[in-house]
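Coordinate analysis (summary)
As a plain string of letters, each chain reads:
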Amino acid sequence: MWQSYVNGLLVALGLIMAIGAQNAFVVAQSLRREHHLPVAALCIACDALLVAAGVFGLATLLAQSPLLLSIARWGGAAFLLWYGSQALRRACSRQSLQRDDKQVARSLGTVLLSALAVTLLNPHVYLDTVLLIGSLGAQQSVPGAYVVGAASASLLWFSTLALGAAWLAPWLARPTTWRVLDLLVAVMMFTVAAQLIVSG
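With an unreviewed UniProt entry as reference, the chain is termed Amino acid transporter LysE, source organism Pseudomonas frederiksbergensis. Regarding the chain, the UniProt comment filed under Subcellular location (unreviewed entry) reads as follows: "Cell membrane".

Regarding empty space enclosed by the protein
Applying the stated criterion across every chain, the model contains 1 cavity of 30 Å³ or more. Looking at the largest cavity, its volume works out to about 30 Å³. Forming the boundary of the largest cavity are Ala24, Phe25, Ala28, Arg32, Tyr83, Arg90, Asp182 and Val185. Where the lining of the largest cavity is concerned, the elements lending two or more residues are helix H2 (21-32), helix H4 (66-91) and helix H8 (175-199). Here the element with the most residues in the lining of the largest cavity is H2; it accounts for 4 residues. In terms of residue class, the lining of the largest cavity is made up of 5 nonpolar, no polar and 3 charged.

Some thoughts on the nonpolar core
Phe25, Val26, Val39, Tyr83, Phe158, Val185 and Met189 are the most contacted members of the largest nonpolar core, which has 30 residues in total. Every element with two or more residues in this core is listed here: H2, helix H3 (36-63), H4, helix H5 (108-120), helix H7 (143-172) and H8. With 9 residues, the next largest nonpolar core counts Leu13, Val51, Val55 and Ile133 among its residues.

Some remarks on the confidence of the model for the chain
Interpreting fine coordinate detail is not advised for predicted regions of low pLDDT. Taken as a whole, the chain shows an average pLDDT of 79; of its residues, 82% reach a score of 70 or greater. Of all the helices and strands in the chain, H8 carries the lowest mean pLDDT, 75, while H5 carries the highest, 91. This model gives residues 95-102 a pLDDT under 50, and the stretch forms 13 contacts once residues within four places in sequence are excluded.

Quick notes on the pattern of salt bridges
Under the criterion given, the structure shown has 1 salt bridge. Glutamate 34 is paired through a salt bridge with arginine 106; the nearest N and O atoms lie 3.0 Å apart. Taken together, the positions of glutamate 34 in the loop between H2 and H3 and arginine 106 in the loop between H4 and H5 put the pair 72 residues apart, joining distant regions of the chain.

A look at the state of the cysteines
Per the counting criterion, the structure on display carries 0 disulfides. Cysteine cysteine 43 is unpaired, with the sulfur of cysteine 46 as its nearest cysteine sulfur at 6.7 Å. By relative accessible area, which is 2% here, cysteine 43 ends up buried.

Side note on the UniProt feature "transmembrane region" (unreviewed entry) in the chain
Following the UniProt record, one finds the feature "transmembrane region" (unreviewed entry) at residues 6-27, 39-61, 67-84, 104-125, 145-168 and 180-198. Within residues 145-168, the helical portion is 100% and the strand portion 0%, while the C-alpha atoms at the span's ends are 34 Å from each other.

Details of the side chain of threonine 129
In this fold, threonine 129 is placed in helix H6 (residues 123-137). Here valine 125 takes part through its backbone oxygen, which lies 2.5 Å from a polar atom of the side chain of threonine 129. Other than its neighbours up to four places away in sequence, threonine 129 contacts Asp47, Leu50, Val51 and Gly134.

Overview of unusual backbone geometry
Here histidine 35, not a glycine, exhibits a phi torsion of approximately 55°, which is positive. Turning to its location among the elements, histidine 35 is positioned in the loop between H2 and H3.

What counts as what
- Residues numbered from 1 in each chain as written.
- Predicted model: local features only at pLDDT ≥ 70, side-chain atom pairs only at ≥ 80, totals over all residues.
- Heavy atoms only, no water.
- UniProt positions renumbered as here; feature names shortened; annotations may be inferred.
- 1 Å grid on protein atoms, 1.4 Å probe; cavity = no way out; pocket = protein on both sides within 12 Å on 5 of 7 lines; lining within 4 Å.
- Points joined across faces, edges and corners; volume = space filled by probe spheres on them.
- Helix = DSSP H or I, 4+ residues; strand = E, 2+ residues; numbered from the N terminus.
- Nonpolar A, V, L, I, M, F, W, Y, C, P; charged D, E, K, R; others polar.
- Core = buried A, V, L, I, M, F, W, Y, C linked by side-chain atoms within 4.5 Å.
- Buried < 20%, exposed > 50% of the residue type's maximum accessible area, 1.4 Å probe, protein only.
- pLDDT = per-residue confidence, 0-100.
- Contact = heavy atoms within 4.5 Å.
- Salt bridge = Lys/Arg side-chain N within 4 Å of Asp/Glu carboxyl O.
- Disulfide = S-S within 2.5 Å.
- Polar contact = N/O pair within 3.5 Å; in protein donor to acceptor, adjacent residues only side chain to side chain.

Rendered as structure tokens:
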């Protein structure tokens, strides 16, 4: 059982630590101190559910359905292009670089919907959690322990991102930092979208 748990923990950590749309969103929300803990909790829950779905059968279904993979790829590319353009617009707008008392904070519901979109409309999330992590988990001697291990990796990683970035916010939340962050997010989103389009 413990071997399956450790396998799930290590495999998941190796994949989710790579810079991606989900990680960038959590960091950005943490720097803004805008519902960053609920966002991290939502990402953890989504990852756990997707890994469980992959381990217990969805990986096989998606692998056998080119149509579903194609829909996920093109829908995800469109969303990433839109999200990247929004980040680029913020980077070019001096007023949006810092948050002041006049700036209206988004509601928890709005932020969580954005987090869901970043998570569920990104095909790489399905490739990582459902296909890669899920396929490996289906071969474990104790698949349930593997799922718990992968969920533990998400808990550890997203908690670290949310709390760490929020703790550094007083030093990082400066106009120049916001501009660089949004530019990096935009470049990353456009790059991932381009890769999805080219692979299609």
